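Residue strings, one per chain:
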Amino acid sequence: MGEADQPDNYMGPVINEGALRSILNYIDVGKKEGRLIAGGSAAGSGGYFVQPTVIADVDSKARIFQEEIFGPVLAVTKARDFDHAIELANNSEYGLTGAVFTNNREKIRKAREQFFVGNLYINRKCTGAMVGAHPFGGFNMSGTDSKAGGPDYLLQFLQAKAIGEKVS
């Protein structure tokens, strides 16, 4: 963990003090909603560093399951099976990104059709859209469903207009 401009650092700081406070607040909430198994506090002396945090045994109705945290916090919830995992993942008003790890082609097909996120990653990490390589944007309350870098994104800068004129 350290400055983001140093290539050997895996985890950089969050953007500012407000983000730091927000993430630490979510961690405090998460400690009440689940079982802290890693991290759980600010890191270092100075700067806006947060320890990567994992909270297990989180109910799917819990705040840290339902809201976007935008920090190094992972809420872990057990699913009965693959279909239940997709159901849990879709049971939120947010849907920026999601990931599925499987070699089962049927599960990949099902994820493509039924996992409602703006960016679905198969067998890779669920962050890190490749700039200039693929569009990026969320689903539901995580965005407009339009993908920055995609052809439909240009429509965000236009205003549709219907004009009617009666001519005699």
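Residues numbered from 1 in each chain as written. Predicted model: local features only at pLDDT ≥ 70, side-chain atom pairs only at ≥ 80, totals over all residues. Heavy atoms only, no water.

**Things to note about the packing of aromatic side chains**
What the rule picks out here adds up to zero aromatic pairs. Over the aromatic face of Y121 sits the side chain of R124, whose NZ or CZ is 4.2 Å from the ring centroid. (Phe/Tyr/Trp six-rings, centres within 6.5 Å; stacked < 30°, edge-to-face > 60°. Lys NZ or Arg CZ within 6 Å of the ring centre and 35° of its normal.)

**As for the nonpolar core**
Ranked by size, the top nonpolar core spans 14 residues in total, and within it V14, I23, V50, I64 and I69 carry the most contacts. Among the elements that take part in this core, helix α1 (residues 17-33) stands out by supplying six residues, more than any other. Beyond its immediate chain neighbours, meaning those up to four positions away, V14 contacts A19, L20, I23, Y48 and V50. (Core = buried A, V, L, I, M, F, W, Y, C linked by side-chain atoms within 4.5 Å. Buried < 20%, exposed > 50% of the residue type's maximum accessible area, 1.4 Å probe, protein only. Helix = DSSP H or I, 4+ residues; strand = E, 2+ residues; numbered from the N terminus. Contact = heavy atoms within 4.5 Å.)

**Quick look at the pattern of salt bridges**
Pairs may arise between side chains of opposite charge once their charged atoms sit close together. Within the structure shown, the criterion is met by six salt bridges. Salt-bridge contacts for R109 lead to E106; the nearest nitrogen and oxygen are separated by 2.3 Å. Taken as a pair, R109 and E106 lie in helix α4 (residues 105-114) at a separation of three residues, close to a single helical turn. Assessed through its relative accessible area of 33%, R109 is described here as partly exposed. Taking relative accessible area as the criterion, E106 reaches 43% and is therefore assigned partly exposed. Through salt bridges with shared partners, a single network forms among E106, R109 and E113. (Salt bridge = Lys/Arg side-chain N within 4 Å of Asp/Glu carboxyl O.)

**Here's the deal with the pairing of strand β5 (residues 119-122)**
Taking every second residue as pointing to the same face, the buried face of β5 carries N119 and Y121, while none of L120 and I122 on the other face is buried. Bridge count between strand β4 (residues 97-100) and β5: four bridges; the pairing is parallel. Looking at β5, one finds that G98 is bridged to L120. (Pairing = 2+ DSSP bridges.)

**A look at the side chain of K110**
The topology assignment puts K110 in helix α4. Judged by its relative accessible area of 18%, K110 is buried. If we skip the residues at most four places from it in the chain, K110 touches F82, D83 and F115.

**Focus: helix α3 (residues 82-90)**
Residues F82, H84, I86 and L88 constitute the buried set of α3. Buried residues belonging to α3 abut α2 (63-66), β4 and α4. Sitting at the amino-terminal end of α3 is D81, which places a side-chain oxygen 3.3 Å from the backbone nitrogen of D83. (Polar contact = N/O pair within 3.5 Å; in protein donor to acceptor, adjacent residues only side chain to side chain.)

**What about the sheet that holds strand β2 (residues 53-56)?**
A sheet is described by the order of its strands in space; here three strands give the open sequence β1-β2-β3, paired in mixed fashion. Lying at the two open borders of the sheet, with one neighbouring strand each, are β1 (35-38) and β3 (73-75). Across this sheet, the average inter-strand angle for adjacent strands is 25°, counted without regard to direction. As paired strands, β2 and β3 are joined by three bridges and run parallel to one another. Pairing of V54 across the sheet is with L74, part of β3. Where α1 meets the sheet, its contacts fall on β1, β2 and β3, and the angle it forms with β2 comes to roughly 25°. (Axes fitted to C-alpha atoms, helices over the stretch in contact; angles between N-to-C directions.)

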